[in-house]
Amino acid sequence: MAKPNRKPAPEDAVLQYRNVISFRVRKALGGSNPDWEDVVNEILTQAVEKIKSGEFRGDCSVGTFLYTITSRRIIDYIRQKTRVLRHAPEPLPFPDPHDEVESQERSRDIAEAVSGLKPKFRDVLYLYFYKELSRDEVARQLGITPRRVSERANYAIKLIRKKVRP
Amino acid sequence: MSKCPYEDFIDRYLKNELNADEQAEFEKHYFDCESCFARTMETYEVVKMLKDGRAFDASLGYELDTPRPASPWRRFLALFSFLKRRR
């Protein structure tokens, strides 16, 4: 017998986006800003309320609906802080090096995977992500196009991910 | 499977190198595209680990940043608290 096609409860539909919302909020507020979790919870609560009250009528995808709520809440947060501090909060580094303590083992695995890469890929990772040069600066130093910098960086990361499974 | 055109935004997004319009466009996109969000997270995880410098061994010819030496005032405070502890 075919299962009835039930619509997920608003809470469940919204909770599926918790990781996406958290990532977006942390990127905007900075990884070590302690307020990020509260902001995410407020967004989730607001979204569930809007779905329950019928304010969300399905004119756009749930993703777009949540993106809009998230962006508005982030702007409000920054405005609020700006009023209190008289200037916008300092943008914090992202990824934040003190963000989460990763296992030593995992760090070693990644180091090993990087050492196995061809120098042309390793050099891009070093200049682009470790030395934090801009894409244009890396391109100039290596004598390649900025687009090629992105291609090499993305390909290198793909290779690392293949060797170091989570 | 064909590659999503937004995948090319990932590295610049994490480096804050997209302009405001591109950034908003990409963020709106990854709220709906599971694959791009997963790739962004994967890249983020690796980049975070690359920042500790462990991957760029001196034997491979890379120069690592050395922590900045403490200012004279900080050194004085450290010495002061050390002497205070010994009393």
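Residues numbered from 1 in each chain as written. Chains lettered and ligands numbered in written order. Predicted model: local features only at pLDDT ≥ 70, side-chain atom pairs only at ≥ 80, totals over all residues.

Some words on the overall build of chain B
Here is step 1: Of regular secondary structure, chain B possesses four helices and zero strands.
Here is step 2: In chain B, the succession of α and β elements from N to C terminus is α-α-α-α.
Here is step 3: Across the 87 residues of chain B, 26% fall into the buried class.
Here is step 4: Relative to all contacts within chain B whose residues are 6 or more apart in sequence, the contacts with residues 24 or more apart total 47%. (Helix = DSSP H or I, 4+ residues; strand = E, 2+ residues; numbered from the N terminus. Buried ≥ 20, exposed ≤ 12 C-beta atoms within 10 Å, placed from the backbone. Contact = placed C-beta atoms within 7 Å.)

Observations regarding the domain arrangement of chain A
Reports often express the size of an interface as the amount of accessible area lost when the parts come together.
Here is step 1: As assigned here, chain A comprises domain 1 (10-85) and domain 2 (104-163).
Here is step 2: Domain 1 of chain A and domain 2 of chain A are separated by 33 Å when their C-alpha centres are compared. (Domains from an automatic or database assignment.)

What about the packing of helix α6 (residues 119-130) of chain A against helix α7 (residues 135-142) of chain A?
Residue and element names in this part refer to chain A.
Here is step 1: Packing of α6 against α7 leaves a shortest axis separation of 9 Å and a crossing angle of 140 degrees. As the angle between them shows, α6 and α7 are arranged oblique. Crossing hand, α6 versus α7: right-handed. Between α6 and α7, the residues in contact are D123, V124, L127 and Y128 and R135, V138, Q141 and L142, respectively.
Here is step 2: A per-class count over the contact of α6 with α7 returns five nonpolar, one polar and two charged. (Axes fitted to C-alpha atoms, helices over the stretch in contact; angles between N-to-C directions. Parallel < 35°, antiparallel > 145°, perpendicular 65-115°, else oblique. Left-handed = near helix turned anticlockwise from the far one by under 90°. Nonpolar A, V, L, I, M, F, W, Y, C, P; charged D, E, K, R; others polar.)

Some thoughts on the nonpolar core
Here is step 1: Counting 28 residues, the largest nonpolar core has I110, V124, L125 and Y128 of chain A as the members making the most contacts within it.
Here is step 2: In terms of residues, this core owes the most to one element, α6 of chain A, which gives six residues.
Here is step 3: Excluding anything up to four places from it in sequence, I110 of chain A contacts I160 and V164 of chain A together with V46, M49 and A55 of chain B. (Core = buried A, V, L, I, M, F, W, Y, C linked by C-beta atoms within 7 Å.)

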